[in-house]
Amino acid sequence: MWSSWSPLRRLQRIAVSASRPAAAGNNNYIGGMQRREQSALAHRVYITRKVPPEGLEIVRRCGRVKFELWDSDDPVPRDELLKKVKGVDGLLCMLTEKVDAELLDAAGPNLKVLSTMSVGFDHLCLDELKKRGIRVGYTPDVLTDAVAELTVALLLATSRRLIEAAHEAKTGGWGTWRTLWLCGYELANSTVGILGLGRIGVAIAERLKPFKVKKFLYTDVAPRPQLAEMINAEYVSLEELAKQSDFLAACCALTPETQGICNRKLFSQMKKNAIFINTSRGGIVNQEDLYEALSAGQIAAAGLDVTTPEPLPTDHPLFKLKNCVILPHIASASYTTRNAMSALAANNLLAGLRGEPMPKELEL
Amino acid sequence: MQGTQQLLKVFVTRRIPQEGMRVLNQSGLCKVSLWDSDEPIPRTDLLQGVSGAHGILCLLSDRIDAEVINAAGPNLKVISTLSVGFDHLAVGEIKKRGVRVGYTPDVLTDATAELTVALLLATARRIPEGVEEVKNGGWSSWKPLWLCGYGLSGSTVGVIGLGRIGLAIARRLKPFGVKRLLYSGRTSKPQAMGTSLDRLVSESDFVVVSCSLTPETQGLCDKALFSKMKKTAVFVNTSRGAVVNQEDLHEALSSGRIAAAGLDVTTPEPLPTDHPLLKLKNCVILPHIGSATYSTRGIMAELCANNLLAGLTGSAMPSELAL
């Protein structure tokens, strides 16, 4: 139902199939200019996935770009990617592609711009990119609303036990109305803690406020007074955040400092009725420790939109737990947002090729 | 003095949270007869149990009609329900006999509004589908257009019935970037734009039903209503099941007439496990958990018990239903 009538899906099919020259290889689609216009002025670009139509259209319309596209919903295999990036001037990638020395060496000296269709950049080796003078574009802001919305959706689904409840409704566990069945934990009068206060953290807090949250706390590498003021949040240590929060939402970037920061120590300091939510990156959570904490009742429940690895193998212990809700990294998955990300990534790419300021450039 | 007075008889139709039982037991006013189970009381036991009762404390799953009131007899002074809805009470019969009614508005507003927003988001952002894909191996990698849903940002939300709960829902949706809030109901409210039902359903991206069940709202959400909605619209009902014509809803969902629906209430409750609505990917059904938080159910129980005691002593109730 969702995909069959989607107007955007229709647009996408039209965009890709419209003027389709002979495809070179399995999923490769070559577009842009006619052969006779392949002058030295053309920039060569590789796009690592079938991106949403808005972005593709922007690249296609650009007169000076000849692009090749991995025409699939699935990630391009590594060896194919290493082959295809040879000699490109620009690369538009997803968070599934590791952009490291190997890839950059394979691309060669022409590569001027790397544009990722994500706000996270833990898949990029920034040192290697900086060393080679390659500019980097990314997609902050356009996805903030969708991500904050999904984070709140996940928090509520977890705290109000929606998955358990929907399951009971389907499988016959639903008797008549009972007074304490499937009771959850309310946001009203609670303390919400944000681990890593950035754009997304603020947007989450703004959405939680009318649920009558009593107090917002946050922790970060340093205080963020401007952002904190927007949501009237108090700066505390990580330990205090753990001790006081009824709801703890992790919103920090994945860095060497935050790797595994949500571990046994943190969970042991949290309240028994606390709800833990992670929609940032799987790597900030020690999943064995989380499993322990959930099964021992150290915290009440957890909701994750990101895991290690992705996808999480279906036999992972976390799936055995009723009080753990896992989503397949869909925080920015709204039609408008993904198209906006695609458009921004395309514009970043083209600006980089022209040597102009990018709409959203990552400071290296 | 209370020790020498005869204790009034109270019949409680289900096991209720401790907060409520404590109030009754510590009052020294009544002798409590309890159907000590989490399961509903069978009809015959109910008719027997209420015999001679001065007060009945009931749940929304107990139909309190003429038969029950007659079985109770002339002692009956008060019926106190552990709910804000009262469509299970034969109000006409109750009024005729001069019996007072207590109910639990306000204290459950926050929990119910919260659950409604939770359900709306889960439906719009396809959360149960996402969970299922993760469990059954459908998740292979991050993909640009997989499992995309509908965001609230820039949307129009229409609330049918802007009462306490409807307003609380609207307040919670606002910071998600809702561009326009419409409502349709009996009275005018300054907080939102009042409009005809037709206009609300044709312009809303999210239609939220929050009205009480009355003869006027029975079957309100039917084929005609769904046919006016947008193809991309999401429909949410957390009021009462009977406001929705379920066959028409099934037709609208399976034909793509509307995008998706979330229901916390159905007809009947529970919904039989082979019901067609349970088979649809774009329909999320919850087993009536609107007010299901530990703190709210405890407060409801306390209020319900206090309403009952006030009815027994002929004093002012904290929350009396005007009959």
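Residues numbered from 1 in each chain as written. Chains lettered and ligands numbered in written order. Predicted model: local features only at pLDDT ≥ 70, side-chain atom pairs only at ≥ 80, totals over all residues. Heavy atoms only, no water.

Looking at an unreviewed UniProt entry, one finds chain B named Glyoxylate reductase/hydroxypyruvate reductase and attributed to Scleropages formosus. Its UniProt record gives chain B a comment under Sequence similarities (unreviewed entry), which states: "Belongs to the D-isomer specific 2-hydroxyacid dehydrogenase family." (UniProt positions renumbered as here; feature names shortened; annotations may be inferred.)

Next up on the list: the interface of chain B and chain A. Counting from both sides, the interface comprises 80 residues of chain B and, opposite them, 74 residues of chain A. Surface buried jointly by chain B and chain A totals about 7000 Å² across both partners, of which 67% is contributed by carbon and sulfur atoms. Contact with chain A buries area across many residues of chain B, yet Arg125(B), Trp139(B) and Trp142(B) alone supply 14% of it, more than any other trio. Counting every contact that joins chain B to chain A gives five salt bridges. A salt bridge links Asp74(A) to Lys143(B); the nearest nitrogen and oxygen atoms lie 3.7 Å apart. Elements with a minimum of two residues in the side of chain B that touches chain A: α5 (109-124), α6 (127-135), α7 (164-173), α10 (246-254) and α11 (294-313) of chain B. It is α5(B) that contributes the most residues to the side of chain B that touches chain A, eleven residues altogether. Along the lines of polarity and charge, the residues of the side of chain B that touches chain A split into 41 nonpolar, 23 polar and 16 charged. (Contact = heavy atoms within 4.5 Å. Buried area = accessible area lost by both parts, 1.4 Å probe. Salt bridge = Lys/Arg side-chain N within 4 Å of Asp/Glu carboxyl O. Helix = DSSP H or I, 4+ residues; strand = E, 2+ residues; numbered from the N terminus. Nonpolar A, V, L, I, M, F, W, Y, C, P; charged D, E, K, R; others polar.)

All names here are of chain A. Strands sit in the order β9-β8-β7-β10-β11-β12-β13 across an open sheet of seven strands; the sheet is parallel. Only two strands of the sheet have a single partner each, and these edge strands are β9 (233-235) and β13 (324-326). This sheet shows a mean twist of 20 degrees between the axes of neighbouring strands, independent of strand direction. Strand direction decides the pairing type here: strand β10 (residues 247-250) and strand β11 (residues 275-278), joined by four bridges, are parallel. Paired with Phe247 across the strands is Ile275, a residue of β11. (Pairing = 2+ DSSP bridges. Axes fitted to C-alpha atoms, helices over the stretch in contact; angles between N-to-C directions.)

Looking now at the side chain of Thr219(A). Residue and element names in this part refer to chain A. Within the element layout of this structure, Thr219 appears in strand β8 (residues 215-219). The exposure class of Thr219 is buried, given its relative accessible area of 7%. Within the structure, the side chain of Thr219 is placed 3.5 Å from the backbone nitrogen of Leu238, a separation counted as a polar contact. In this structure, Thr219 is in contact with Ile194, Leu195, Gly196, Leu197, Tyr235, Val236, Ser237, Leu238 and Leu241, ignoring residues within four places of it in sequence. (Buried < 20%, exposed > 50% of the residue type's maximum accessible area, 1.4 Å probe, protein only. Polar contact = N/O pair within 3.5 Å; in protein donor to acceptor, adjacent residues only side chain to side chain.)

Residue and element names in this part refer to chain B. Residues Ala260 and Gly262 of strand β11 (residues 260-263) are buried on one face, and the alternating residues Ala261 and Leu263, pointing to the opposite face, are buried as well. Summarising the sheet, strand β10 (residues 234-237) and β11 pair through four bridges and their orientation is parallel. Paired with Asn237 across the two strands is Leu263, which belongs to β11. Taken together, β10, α10 and β11 form a β-α-β motif whose crossover is right-handed. Strand direction decides the pairing type here: β11 and strand β12 (residues 283-285), joined by three bridges, are parallel. In the sheet register, Ala261 faces β12, and the bridge partner there is Cys283. (Right-handed = clockwise from strand over helix to strand, strands pointing away.)

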